Amino acid sequence: MSGTLPRWLERLFGIPQAGSGEGTAWTLDDAWNWPAWMTLLLVAGAAVWIFTCYLRETGPAGRVFRLCLASIRLALAAIVLFMIASFVLSLNRTGLPYVVIIVDDSASMGTADKYDDKELAALVQKRLKAAGYEHGTRLNLAKSLLLADQGALLRSIQRRYKLKVYLVSTSARNLPGKVEDLLPELEKLEATGETTRLGQGLEEVLDDLRGTPPSAVVLLSDGINTEGETLADAAEQARRKGVPLFAVALGSESPARDLELTDLLVDDVVFVNDIVNFEFKLTGSGFEGRKVKALLRTKDQRKPLAEQQVTIGADGESQRVRLPYRPPEVGEFDYTVEIENLPEELQSENNRQQRHVSVRKEQIRVLLVQSYPSYEFRYLKHLLERDTTIQLKTVLQESDLDYAEQDQSALRVFPVRREELLQYDVLLFGDVDPDFLSASALQHINDFVAEKGGGAVFIAGPRHTPLDYRNSPVAMLLPIDFSGAGALPGQTANEAFQMQPTDEGLAAPPMQLGDTVAETVEIWNKLPPLYWFFEAPALKPGARVWAKHPVRLGPDGRRLPLIAMHYVGSGKVIFHATDETWRWRFRVGDVFFARYWVQTIRYLSRSKLLGKDRSAELTVDRREYRRGEPVRVRVRFLDDRQAPPEDDGVTVVIEHAGDKHRRLVLHRGRANRGVFEGTFSNPTDGAYHLWVASPSMPGQAPATDFQVAPPPGERARLQTDVAELRRASSDTKGRFYNLVSADRLLRDLPEGRQVKTDPLPPIVLWNHWLLAPVILGLLICEWLLRKWGGML
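Residues numbered from 1 in each chain as written. Predicted model: local features only at pLDDT ≥ 70, side-chain atom pairs only at ≥ 80, totals over all residues. Heavy atoms only, no water.

Quick look at the packing of aromatic side chains
Definition in use: Only the six-membered ring of Trp is used, alongside the rings of Phe and Tyr, when aromatic pairs are assigned; centres must lie within 6.5 Å, and planes under 30 degrees apart are stacked while those over 60 apart are edge-to-face, with the rest tilted. We count a stretch as a helix when DSSP gives it H or I for four or more residues in a row; a strand needs E for two or more, and each element gets its number in order from the N terminus. A simple rule labels every residue: compare its accessible area, found with a 1.4 Å probe on the protein chains alone, to the largest value its type can have, and call it buried under 20%, exposed over 50%, or partly exposed in between. Counted as over-ring charges are cases with an Arg CZ or a Lys NZ within 6 Å of the ring centre that also lie within 35 degrees of the ring normal.
Under the counting rule described, the total for this entry stands at 17 aromatic pairs. Here Trp584 and Tyr596 contribute two aromatic rings whose centre-to-centre distance is 5.6 Å and whose plane-to-plane angle is 90°, an arrangement assigned as edge-to-face. Here Trp584, found in the loop between strand 24 (571–576) and helix 15 (591–604), pairs with Tyr596, found in helix 15; they are 12 residues apart in sequence, far enough to count as distant. For the pair shown, Trp584 and Tyr596 are each scored as buried. Considering the side-chain rings of Tyr596 and Trp597, the 5.5 Å spacing of their centres and the 80° angle between planes classify their relative orientation as edge-to-face. An aromatic cluster is built from Phe278, Tyr325, Phe333 and Tyr335, whose rings are joined through pairwise contacts. In this arrangement the basic side chain of Arg378 is found over the ring face of Tyr375, its NZ or CZ atom lying 5.6 Å from the centre. The side chain of Arg463 reaches across the aromatic face of Tyr372, ending 3.9 Å from its centre.

Next comes the structure, spelled out in structure tokens:
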């Protein structure tokens with residue numbers, strides 16, 4: 001037997017008075033054993049004998065009078081039985097039942113939703129204004145419910161219950177103290193949790209109160225669970241313990257609308273007036289098919305330098321966007337690429353990224369070699385001689401003896417010594433007769449590209465290049481596979497064709513003849529047709545086709561390449577299967593002809609820009625990573641002769657705020673002796689700075705930076721999970737609320753049962769002092785009744 005002790009019994013037994021909301025719970029314990037049970041049988045037999053005797057007794061007293069006497073005698077027997085049972089009253093102090101409030105403080109609760117329902121939007125603004133908040137984040141809405149009117153809701157709950165408040169994101173954390181202490185703690189609360197474990201958090205709260213299950217759990221959350229058990233899984237444990245869940249859904253049920261700009265890539269050193277591509281990924285949600293502007297600005301100017309209209313793709317799908325720009329002046333610039341802010345977006349901080357670019361004006365040393373004065377040679381020579389950024393030298397094998405003396409750019413013969421050739425930055429190698437070149441000169445050409453890292457363009461011609469070089473060191477530089485090359489055409493073809501750039505070609509800087517991709521495509525489609533080309537149906541592995549024939553197919557069914565590019569050692573090689581780009585001058589002059597060739601020369605000489613300050617470059621494959629993603633680190637020596645002889649001779653230092661410096665050893669790649677690679681695994685969140693520690697290099701050591709961000713879980717799905725919150729509250733026989741119905745929460749909370757807190761000293765009842773006067777009183781009462789009834 002158990003129950004709650006009345007106040008008058010507390011005073012009778014001398015129990016200390018309970019405080020406000022407290023009470024005393026009692027439990028009656030006994031000590032029954034077989035002698036006690038035998039005594040009970042004897043007492044029961046005696047009771048039957050007593051009643052029988054009183055009912056048979058004769059005299060003036062009536063039947064009812066005799067029954068009263070029998071009842072007194074039975075009461076005395078019951079008291080004896082009570083004493084034999086040794087009853088003890090166990091006491092416990094009881095308190096108010098618990099109510100738990102759980103506040104989700106994960107990063108998704110920092111979302112400021114846009115509400116399509118005007119009435120709901122007005123209600124949200126009203127709540128926020130009453131609580132003194134300007135930004136309508138989900139966490140601020142939760143705080144407005146709890147802190148409005150000096151914490152009226154919390155104070156009302158505290159009067160009826162014992163209040164406990166927990167924060168849940170990566171784990172459950174208790175906020176101790178009364179309402180006066182909780183208010184400032186909740187006021188400064190921010191949505192910073194990197195993950196949301198609602199299910200695990202609810203289980204941790206229930207385990208923390210496993211001795212005293214709460215009467216109810218109130219959850220203020222958007223219902224988004226990114227890791228661990230779901231809220232529905234934890235609700236099953238709450239249901240078994242009889243704990244109802246009262247869920248308040250915060251945020252919008254509509255799909256989250258957001259644009260995110262990531263992975264901005266751009267060369268850190270570029271030529272002035274050259275095309276510079278700012279490439280980035282754009283990911284949209286809730287804006288499929290919508291058109292937005294991508295803008296390029298400098299750090300100190302609001303007027304855009306370039307802009308491009310982009311059509312947003314399907315929700316969650318990243319699309320690569322390229323924003324081209326030609327810097328008109330030399331200097332150091334901080335460029336910002338951003339997507340215009342849309343009014344419906346949840347956040348705009350992820351719409352922009354910034355990169356530092358060094359714009360330089362360098363004079364490039366170019367060597368143009370040709371056997372005979374073809375149209376390609378003539379127009380290229382005149383073009384490059386007029387360009388002040390290019391220092392041109394030419395070799396024309398079939399020229400007159402006086403040609404070199406009359407032409408300032410002309411050389412008598414091809415450079416004989418290796419050092420003479422290596423002083424150039426770019427080699428333009430046309431239709432050249434190999435009989436005029438020594439074996440050492442051919443090897444020097446190979447060294448110029450593979451070892452120095454120079455750039456070369458090999459232009460096919462109807463006489464010599466490229467087939468006459470199939471068995472020379474130059475063959476290693478060409479991207480074509482000579483085993484699949486057809487016979488040399490004997491004369492110019494009569495059929496006109498339009499060169500068509502590939503998607504990869506349109507992304508290459510030399511091929512961008514316009515300021516935008518659309519303009520570039522339009523220009524290529526309108527260029528004058530060509531008539532002659534060299535059939536090279538097979539390319540080496542790794543070669544990239546930049547332009548192809550519109551109709552002619554190779555043995556593999558693919559259209560024949562007209563412009564191809566590949567890397568050789570430290571350098572780059574471009575192969576032209578035609579020598580008729582001069583035809584692009586028809587009716588427009590040097591506009592597109594000049595733009596293509598100048599951009600090509602600058603592209604091939606980019607190592608000159610980097611080499612001015614350093615002999616190697618350090619790169620990572622991306623600027624931004626997610627936590628746990630591997631970072632691929634690469635060091636490329638612009639002149640691989642400067643690369644260390646050891647295969648593990650490059651060490652990179654990794655700096656991260658708050659951590660000790662780490663060292664990563666890079667290993668030489670198989671295909672290039674000047675390239676060293678390595679992988680940095682399991683990076684933690686934050687900004688990283690990498691620099692080459694060994695080998696030592698003149699000037700500033702090559703360096704780069706990257707960022708590591710938390711997993712996308714908190715921002716990958718921002719739509720409030722109403723279904724999960726509704727299901728969890730229904731399974732536990734609780735209630736579900738939204739922003740409109742949240743005012744009913746207080747009156748819907750169950751009363752709950754008193755909770756045992758502290759044990760009190762037990763009271764022994766079988767020998768209590770009250771029993772003696774009761775027994776004596778009953779005996780006197782029986783004697784008086786018998787005297788009065790004439791039964792003595």
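Digging into the sheet that holds strand 33 (residues 735–737)
Applied cut-off: Pairing between strands is defined by DSSP: at least two bridges between the two strands are required. Comment: axis = line fitted to C-alpha atoms, over the contacting stretch for helices; angle = value between 0 and 180 degrees taken between N-to-C directions. The contact rule is simple, with two residues in contact once any of their heavy atoms fall within 4.5 Å.
Pairing is mixed in the open sheet, where 6 strands are placed in the order 6-5-4-7-8-33. Each edge of the sheet is formed by a strand with only one pairing partner; in this case those strands are strand 6 (172–175) and strand 33. Recorded for the sheet is a direction-independent mean angle of 20° between the axes of neighbouring strands. The pairing of strand 4 (residues 98–104) with strand 7 (residues 216–221) spans 5 bridges and is parallel. Note on strand 7: the bridge partner recorded for Val100 is Val217. Where helix 6 (residues 179–187) meets the sheet, its contacts fall on strand 5 (162–168) and strand 6, and the angle it forms with strand 5 comes to roughly 20°. This element, helix 18 (residues 722–731), spans strand 7, strand 8 (245–249) and strand 33 of the sheet and lies at about 160° to strand 8.

A short note on a nonpolar patch on the surface
Test applied: Like-charged residues are merged into a patch within 9 Å and nonpolar side chains (Val, Leu, Ile, Met, Phe, Trp, Tyr) within 5 Å, provided each residue has over 30% relative accessible area and no salt bridge. Note on areas: Shrake-Rupley, 1.4 Å probe, and residue coverage restricted to the protein chains presented here. For this analysis, a salt bridge means a side-chain nitrogen from Lys or Arg found within 4 Å of a carboxyl oxygen belonging to Asp or Glu.
Judged by side-chain polarity, Leu776, Ile780, Trp783 and Leu784 come together as a nonpolar surface patch covering roughly 420 Å² of accessible area. Relative to the helices and strands, Leu784 resides in helix 20 (residues 771–788). Accessibility expressed as a relative area gives 47% for Leu784, which makes it partly exposed.

Brief notes about the nonpolar core
Our working rule: The set of buried Ala, Val, Leu, Ile, Met, Phe, Trp, Tyr and Cys residues whose side-chain atoms join them within 4.5 Å is what this entry labels a nonpolar core.
By size, the foremost hydrophobic cluster in this structure holds 81 residues, and its most contacted members are Val366, Leu384, Leu428, Phe429, Ile445, Phe458 and Trp597. Per-element tally for this core: the top contributor is helix 15, with 8 residues. In contact with Leu384, other than residues within four places in its own chain, are Val366, Ile390, Leu392, Leu428 and Ile601. Membership of the second largest hydrophobic core comes to 38 residues, among which are Ala142, Val179, Leu182 and Leu183.

Section: the confidence of the model for the protein chain
Reading predicted coordinates in detail is not appropriate for stretches of low pLDDT. Spelled out, the test is: Confidence scores per residue from the predictor, reported as pLDDT, run from 0 to 100.
When the pLDDT values of the protein chain are averaged, the result is 81; 82% of them are 70 or greater. When mean pLDDT is compared element by element in the protein chain, strand 19 (residues 426–429) scores highest at 96, while strand 2 (residues 23–29) scores lowest at 48. Considering only residues more than four positions removed or in separate chains, one finds that residues 486–492, a stretch of pLDDT under 50, has 17 contacts.

So, the side chain of Ser221
Keep this limit in mind: Contacts described as polar in this section are N or O atom pairs within 3.5 Å, which, within protein, must combine one atom able to donate a hydrogen with one able to accept it, while residues neighboring in sequence count only if both atoms come from side chains.
Mapped onto the secondary structure, Ser221 falls in strand 7. By relative accessible area, Ser221 is classed as buried at 0%. Among the polar contacts listed, one links the side chain of Ser221 to the backbone nitrogen of Gly223, at a separation of 2.9 Å. Residues contacting Ser221, with those up to four places away along its chain left out, are Asp104, Met109, Leu198, Val248, Ala249, Leu250 and Leu725.

Quick notes on the sheet that holds strand 16 (residues 352–360)
Spatially, the 5 strands line up as an open sheet ordered 10-16-15-12-13, and their pairing is mixed. The open sheet terminates on both sides in strands that have one partner only, identified here as strand 10 (269–271) and strand 13 (306–311). With strand direction ignored, the average angle separating the axes of adjacent strands in the sheet is 30°. When strand 10 meets strand 16, the two strands line up parallel, connected through 3 bridges. Pairing of Val270 across the sheet is with Val359, part of strand 16.

Observations regarding the pairing of strand 30 (residues 675–680)
In this structure, strand 27 (residues 631–637) lies alongside strand 30, joined through 6 bridges in antiparallel fashion. Bridge assignment links Val631 to a residue of strand 30, and that residue is Phe680. The sheet contact formed by strand 29 (residues 662–668) and strand 30 spans 2 bridges and is antiparallel. Pairing of Arg668 across the sheet is with Phe676, part of strand 30.

Focus: the pattern of salt bridges
Under the criterion given, the structure shown has 30 salt bridges. Salt-bridge contacts for Arg544 lead to Glu504; the nearest nitrogen and oxygen are separated by 3.8 Å. In this pair, Arg544 sits in strand 22 (residues 544–553) while Glu504 sits in helix 13 (residues 503–507), placing the two residues 40 residues apart along the sequence. Judged by relative accessible area, Arg544 falls into the partly exposed class, the value being 34%. For the salt bridge of Arg636 with Glu617, the shortest nitrogen-to-oxygen distance reads 3.3 Å. Note that Arg636 is positioned in strand 27 and Glu617 in strand 25 (residues 616–620), a separation of 19 residues in sequence. As far as the burial class goes, Arg636 and Glu617 line up, both buried. Three or more residues are tied together by salt bridges with common partners; here these are Arg297, Arg302, Glu338 and Arg352.

Thoughts on the pairing of strand 25
Of all the 5 residues making up strand 25, 4 are buried; the element is thus mostly covered by neighbouring parts of the structure. Bridge count between strand 25 and strand 27: 5 bridges; the pairing is antiparallel. Within strand 27, the residue paired with Val620 across the bridge is Val633.

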